[in-house]
Amino acid sequence: MHQRIVVLDFGSQYTQLIARRVREQAVYCEIHPYTFANVPDLAALKALAPTGIILSGGPASVYEEGAPTINPGVFELGVPVLGICYGAQLTAKLLGGVVTHAEKREFGRATVRVVNPEGIFKTSSTGEDLTVWASHGDHVEGLPPGFVQTASSENCAMSGFASAARKIHCVQFHPEVVHTPRGAELLGNWLFGVCGARGDWSMASFVDESIARIQAQVGTTGRVICGLSGGVDSSVAAALIHRAIGDRLTCIFVDNGLLRLGERSGVASMFGDHFKIDLRVIDAEERFLAKLAGVSDPEKKRKLIGYEFVAVFEEEAKTIEGAAFLAQGTLYPDVIESVSFKGPSAVIKSHHNVGGLPERMNLALVEPLRELFKDEVRQLGLELGLPRHMINRQPFPGPGLAVRCLGALTKPRLDVLRAADAIIDEEIRAAGLYESIWQSFGVLLPVRSVGVMGDARTYEEALALRAVHSRDGMTADWVHLPYDLLGTISSRVINEVRGINRVVYDITSKPPGTIEWE
């Protein structure tokens, strides 16, 4: 059984980063809402037998009425506690300290000076300055009994404080973000020096444990079906389940006519020929395009594609005798969001998945990736022997090219976009930029402009080129592609793809825009 670090979430935008940074040091970590630990008996928390507890940051002020809080008994469990930002202030308040509004707030880069090099500051020396990232308007003005100052900054005297005897350490900055250069070192000091973590979390051990869990859930006769899209998540889930139960896995790949060039043949070759997985390829292009004919509203497109996928998948699944389980590539961020105390986020655009299938088909869910972040899924894929070019594929939207072909969808327009997209992919790879870019793709615009080719007038559509950097898709910034690369892509698209006579580059960040245009 792995040691476990539990993060109690108070609504910080960085909470998922905390768990990821801990896992990067080979220590298993999971997130729970703070409400998990504000119950009187703390039974659920105790049952997890945590090696350490981290109290995250959050947007509230601890002295406000109704501010998020926990049972103070958390500090009496004998388990090391690390309070970060709001978590530090709450620790101080609950244990008898004083938290007030600061006259000078700290937002952004700051310098803290180590006063007492213990616990999280163990690898620093007294008087040493550390660059950190701060984000707070409140501060701890008076320490709880038995606590000592461990760090200070120009605007925050108690940037760090601790009770070594009680194994409680607090910082008024964010060691989990990249803007705190030595953040991994600081977290490591707490994990290994205070908590005594062994660092026993690895992808190799995860594979063995997941196989055992899948076998226990499915049994010796159960059959699993998996909707295979060719993307990273479904591909890794399929490979893992296949290793666990062999030919009792059947994958269904639906060609809806909205795929990239060569997508169908690539998936069939990889999973059918190479991995020898039972793969059913369904040619549903005409069916999907008939449903989408004349539809230009992006939300209607997404919903129609989702509904039709469910229908096609359900029809094929009924032909698979003994199917009792449905595999889904649910990831840990999805799990975290589903139990978040903050409630559902505003819907910017609906997402295409197989939601509703288990209820309609009376299937039990197999979700082997539900403990993993996206970067860990990629590591797992490599551990399972999936090729690097597949594992490092850029994200591709569930509705496919339907949300990159603006306006009404027709097969000729989709073929034009497919050809342009292939050129973009080829040139980005040739430039050695593919794996460093979150997404790079083309968007076919229902906008015609006049052009000149071979002394003849053209009147054709425009292509918008989009390339963004991102860590998790929540925010993104446009990539400063080299001018010569932009020129090459534009020249090739216009010369090789009939139907496009103009290429423009999208330099909109997210927010205010979204990564996809629809």
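Residues numbered from 1 in each chain as written. Predicted model: local features only at pLDDT ≥ 70, side-chain atom pairs only at ≥ 80, totals over all residues. Heavy atoms only, no water.

Give me the lowdown on the overall build of the protein chain, citing residues and values where you can.
Regarding its fold elements, the protein chain presents 15 helices and 18 strands. Relative to the globule expectation of 24 Å for 518 residues, the C-alpha radius of gyration of the protein chain, 26 Å, shows essentially globular dimensions. Viewed in the frame of its principal axes, the protein chain has a C-alpha envelope of about 80 × 60 × 40 Å. Here the protein chain holds 518 residues, and the buried ones make up 55% of them. Once local pairs closer than 6 in sequence are excluded, the contacts in the protein chain between residues at least 24 apart make up 75%. (Helix = DSSP H or I, 4+ residues; strand = E, 2+ residues; numbered from the N terminus. Rg over C-alpha atoms; globule rule 2.2 N^0.38 Å. Buried < 20%, exposed > 50% of the residue type's maximum accessible area, 1.4 Å probe, protein only. Contact = heavy atoms within 4.5 Å.)

An account of the pattern of salt bridges is needed here, citing residue identities and associated values.
Within this structure, the stated rule accounts for 31 salt bridges. Ionic pairing is found between Glu 30 and Arg 4, a salt bridge with its closest N-O pair at 3.1 Å. Of the two residues, Glu 30 sits in strand S2 (residues 29-33) while Arg 4 sits in the segment before strand S1 (5-9), which places them 26 residues apart along the sequence. Here Glu 30 and Arg 4 have matching classes, each one buried. Residue Glu 427 pairs with Arg 492 through a salt bridge whose shortest N-O separation is 2.8 Å. Of this pair, Glu 427 sits in helix H14 (residues 411-430) while Arg 492 is found in helix H15 (residues 483-496), placing the two residues 65 residues apart along the sequence. When its relative accessible area of 18% is taken as the criterion, Arg 492 is described as buried. (Salt bridge = Lys/Arg side-chain N within 4 Å of Asp/Glu carboxyl O.)

So what about the pairing of strand S11 (residues 249-255)? Which residues, and what values?
Buried residues dominate S11, accounting for seven of its seven residues. Burial along S11 is two-sided: the residues Leu 249, Cys 251, Phe 253 and Asp 255 and Thr 250, Ile 252 and Val 254 are all buried. With four bridges joining them, strand S10 (residues 223-227) and S11 adopt parallel strand pairing. Following the sheet pairing, Ile 225 is matched in S11 by Thr 250. Handedness of the crossover joining S10 and S11 through helix H6 (residues 232-245): right-handed. Examined bridge by bridge, S11 and strand S12 (residues 278-283) share six bridges and lie parallel to one another. Residue pairing across strands places Phe 253 opposite Val 281, the latter belonging to S12. A crossover links S11 with its parallel partner S12, the connecting element being helix H7 (residues 263-274), and its sense is right-handed. (Pairing = 2+ DSSP bridges. Right-handed = clockwise from strand over helix to strand, strands pointing away.)

So what about the sheet that holds S12? Which residues, and what values?
With parallel pairing, five strands are arranged side by side in an open sheet as S12-S11-S10-S13-S14. Here the strands that pair on one side only, and so sit at the sheet edges, are S12 and strand S14 (364-366). In this sheet, neighbouring strand axes are inclined to one another by 30° on average, regardless of whether the strands run parallel or antiparallel. The sheet contact formed by strand S13 (residues 323-327) and S14 spans three bridges and is parallel. Residue pairing for S14: Leu 326 is matched across the bridge by Leu 365. Helix-sheet contacts for H7 involve S11 and S12, and the interaxial angle to S12 is about 165°. Here helix H9 (residues 298-317) sits on the sheet in contact with S10, S11, S12 and S13, set at roughly 140° to S11. (Axes fitted to C-alpha atoms, helices over the stretch in contact; angles between N-to-C directions.)

Describe the state of the cysteines, listing the residues and the values that go with them.
One covalent bond between the sulfur atoms of two cysteine residues makes up a disulfide. A complete count under the given rule lists zero disulfides for this structure. Not part of a disulfide, Cys 29 finds its nearest cysteine sulfur in Cys 195, a span of 10 Å. No disulfide involves Cys 251; its nearest neighbouring cysteine sulfur is the one of Cys 226, lying 4.5 Å away. (Disulfide = S-S within 2.5 Å.)

Mind laying out helix H3 (residues 86-94), listing which residues take part and the relevant values?
A large share of H3 lies buried, amounting to seven of its nine residues. Within the span of H3, buried status applies to Tyr 86, Gly 87, Ala 88, Gln 89, Leu 90, Thr 91 and Ala 92. Contact partners of the buried residues in H3: strand S3 (52-55), strand S4 (81-84), strand S5 (98-114), strand S6 (129-142), strand S8 (160-163) and strand S9 (168-171). Looking at the residues trailing H3, positive phi occurs at Gly 96, about 105°.

Residue-level account of the packing of aromatic side chains, with values.
One pass over the full model with this rule turns up nine aromatic pairs. For the pair Phe 10 and Tyr 86, a centre-to-centre distance of 5.2 Å together with 45° between the ring planes defines the contact as tilted. Residue Phe 10 is found in the loop between S1 and helix H1 (15-23), and its partner Tyr 86 is found in helix H3; the two are separated by 76 residues along the sequence. Neither Phe 10 nor Tyr 86 differs from the other in exposure class; each is buried. Considering the side-chain rings of Phe 309 and Phe 313, the 5.6 Å spacing of their centres and the 35° angle between planes classify their relative orientation as tilted. Here Phe 309 pairs with Phe 313, and both are found in helix H9, just four residues apart, close to one helical turn. Note on accessibility: Phe 309 and Phe 313 belong to one class, buried. (Phe/Tyr/Trp six-rings, centres within 6.5 Å; stacked < 30°, edge-to-face > 60°.)

For the packing of helix H5 (residues 203-218) against helix H12 (residues 374-383), give the residues involved together with the corresponding values.
Packed helices, taken two at a time, are described by the angle between their axes plus the distance between the axes. Following both chains from N to C, one finds H5 and H12 inclined at 80°, their axes separated by 10 Å at the closest point. Accordingly, the angle class assigned to the pair H5 and H12 is roughly perpendicular. Counting all contacts with H5, which are made through Met 203, Ala 204, Phe 206 and Val 207, the residues of H12 involved are Glu 376, Gln 379, Leu 380 and Glu 383. Looking at side-chain class alone, the contact of H5 with H12 contains five nonpolar, one polar and two charged residues. (Parallel < 35°, antiparallel > 145°, perpendicular 65-115°, else oblique. Nonpolar A, V, L, I, M, F, W, Y, C, P; charged D, E, K, R; others polar.)

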